[in-house]
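Survey of secondary and tertiary structure
The chain contents come next:
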Amino acid sequence: MKQQILIDGYNLLYQFPELRKRLERDAMGARDILISYLASYAAGRDFAVVVVFDGDKYTAGLTGIKQGIKIIFSKSTEDADFVIKKMIHKNGGNSDLLVVSSDKEIENFAKLCRVKTILSQRFARDIVEILPIGLGEKYNTQLTPEEVKEWLQLFQEGKNPEK
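Predicted model, so just to flag it, every value in this text is computed and none were measured.

1. Quick word on the nonpolar core
Membership of the largest hydrophobic core comes to 35 residues, with the highest contact counts inside it found for Ile 7, Leu 12, Leu 38, Phe 123 and Ile 127. If one sorts the elements of this core by residue count, helix α3 (residues 27-42) sits on top with nine residues. Excluding residues within four positions of it along the chain, Leu 12 makes contact with Ile 7, Leu 34, Leu 38, Ser 120, Phe 123, Ala 124 and Ile 127. Core analysis: the next-biggest nonpolar cluster, separate from the first, contains 15 residues, Leu 6, Val 83, Met 87 and Val 99 among them.

2. What to know about helix α6 (residues 120-130)
Buried within α6 are the following residues: Ser 120, Phe 123, Ala 124, Asp 126 and Ile 127. Mapping the buried residues of α6 onto a view down its axis gives an arc of 155°, with all of them on the same face.

3. A closer look at the packing of aromatic side chains
Tallied over the full model, the rule gives five aromatic pairs. With a centroid separation of 4.9 Å and 65° between ring planes, the pair formed by Tyr 10 and Phe 53 is classed as edge-to-face. Remark: Phe 53 occurs in strand β2 (residues 47-53) and Tyr 10 occurs in helix α1 (residues 9-13); sequence separation between them is 43 residues. Taken as a pair, Tyr 10 and Phe 53 share a single burial class, namely buried. Grouping aromatic residues by their ring pairs yields a cluster made of Tyr 10, Phe 53 and Phe 73.

4. Looking at the environment of Ile 106
By secondary structure assignment, the location of Ile 106 is in helix α5 (residues 104-112). C-alpha of Ile 106 to C-alpha of Asp 81: the two residues are 25 residues apart in sequence and 6.9 Å apart in space. Setting aside anything within four residues of it in sequence, one finds Ile 106 in contact with Asp 8, Asp 81, Ile 84, Lys 85, Ile 88, Val 99 and Ser 101.

5. Brief notes about the side chain of Glu 78
You can see Glu 78 is positioned in the loop between β4 (69-73) and α4 (80-90). Here Glu 78 sits buried without a salt bridge, and the closest side chain of opposite charge, Lys 86, lies 4.0 Å off (N-O distance). Ignoring sequence-local partners within four residues, the contact set of Glu 78 consists of Val 83 and Lys 86.

6. What to know about the side chain of Thr 59
Within the secondary structure, Thr 59 is located in the loop between β2 and β3 (63-66). For Thr 59, a relative accessible area of 9% puts it in the buried group. With residues near it in sequence (within four places) discarded, Thr 59 still touches Arg 31, Asp 54 and Phe 73.

7. Topic: the pattern of salt bridges
Under the defined criterion, the tally for this structure stands at five salt bridges. Across the salt bridge formed by Asp 26 and Arg 22, the nearest N and O atoms sit 2.8 Å from each other. Relative accessible area serves as the criterion here: at 15%, Asp 26 is assigned to the buried category. Across the salt bridge formed by Glu 107 and Lys 104, the nearest N and O atoms sit 3.2 Å from each other. With a gap of three residues between them, Glu 107 and Lys 104 both fall in helix α5, about one helical turn apart. According to the relative accessible area criterion, Lys 104 is exposed, its value standing at 53%. Connected via shared salt-bridge partners are Lys 104, Glu 107 and Lys 111.

8. A few points about the pairing of strand β5 (residues 97-100)
Because side chains alternate across β5, one face comprises the buried residues Leu 97 and Val 99, and the other comprises Leu 98 and Val 100, equally buried. With four bridges connecting them, strand β1 (residues 3-8) and β5 associate as parallel partners. Opposite Ile 5, over in β5, you have Leu 98 as the bridge partner. Pairing of β5 with strand β6 (residues 116-118), which is carried by three bridges, proceeds in the parallel orientation. Pairing of Leu 98 across the sheet is with Lys 116, part of β6. For the segment spanning β5, α5 and β6, crossover handedness is right-handed.

About the thresholds
- Residues numbered from 1 in each chain as written.
- Predicted model: local features only at pLDDT ≥ 70, side-chain atom pairs only at ≥ 80, totals over all residues.
- Heavy atoms only, no water.
- Core = buried A, V, L, I, M, F, W, Y, C linked by side-chain atoms within 4.5 Å.
- Buried < 20%, exposed > 50% of the residue type's maximum accessible area, 1.4 Å probe, protein only.
- Helix = DSSP H or I, 4+ residues; strand = E, 2+ residues; numbered from the N terminus.
- Contact = heavy atoms within 4.5 Å.
- Arc of directions from axis to C-beta.
- Phe/Tyr/Trp six-rings, centres within 6.5 Å; stacked < 30°, edge-to-face > 60°.
- Lys, Arg positive; Asp, Glu negative; His and termini not counted.
- Salt bridge = Lys/Arg side-chain N within 4 Å of Asp/Glu carboxyl O.
- Pairing = 2+ DSSP bridges.
- Right-handed = clockwise from strand over helix to strand, strands pointing away.

Structure representation (structure tokens):
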């Protein structure tokens, strides 16, 4: 079975100083760069990567796939931690699931469900070891109108109707 990596999105994003700084002025751009890092990290490996972010008034409840990475935004009535815990509980005891978070509550819950964890700081170091991190600061990573359109289409297609 393919290993699934479940990532606490903002928790990991904050481990990269250039993304943390960018998040203040361009949240979509910061998330997009993180997705690129994750896609590059997963390339050529047998990983299914799922990243969960807290939803806001524009993104709440959206899901989609970008660069092979599944992206989930929590609904307005829940936070990303709740979504991650639901996914951990659903996959409890699955030896192919790895949770990436430095949130103690998530880490403890995963351990109770017999799911492996890795701290976001450690996972970020693993990414840095194989990728030329810092590209966001060296190159213009402002989203083009076409990229904005692609993101909007991606999330409109992946939007799940309320049940």
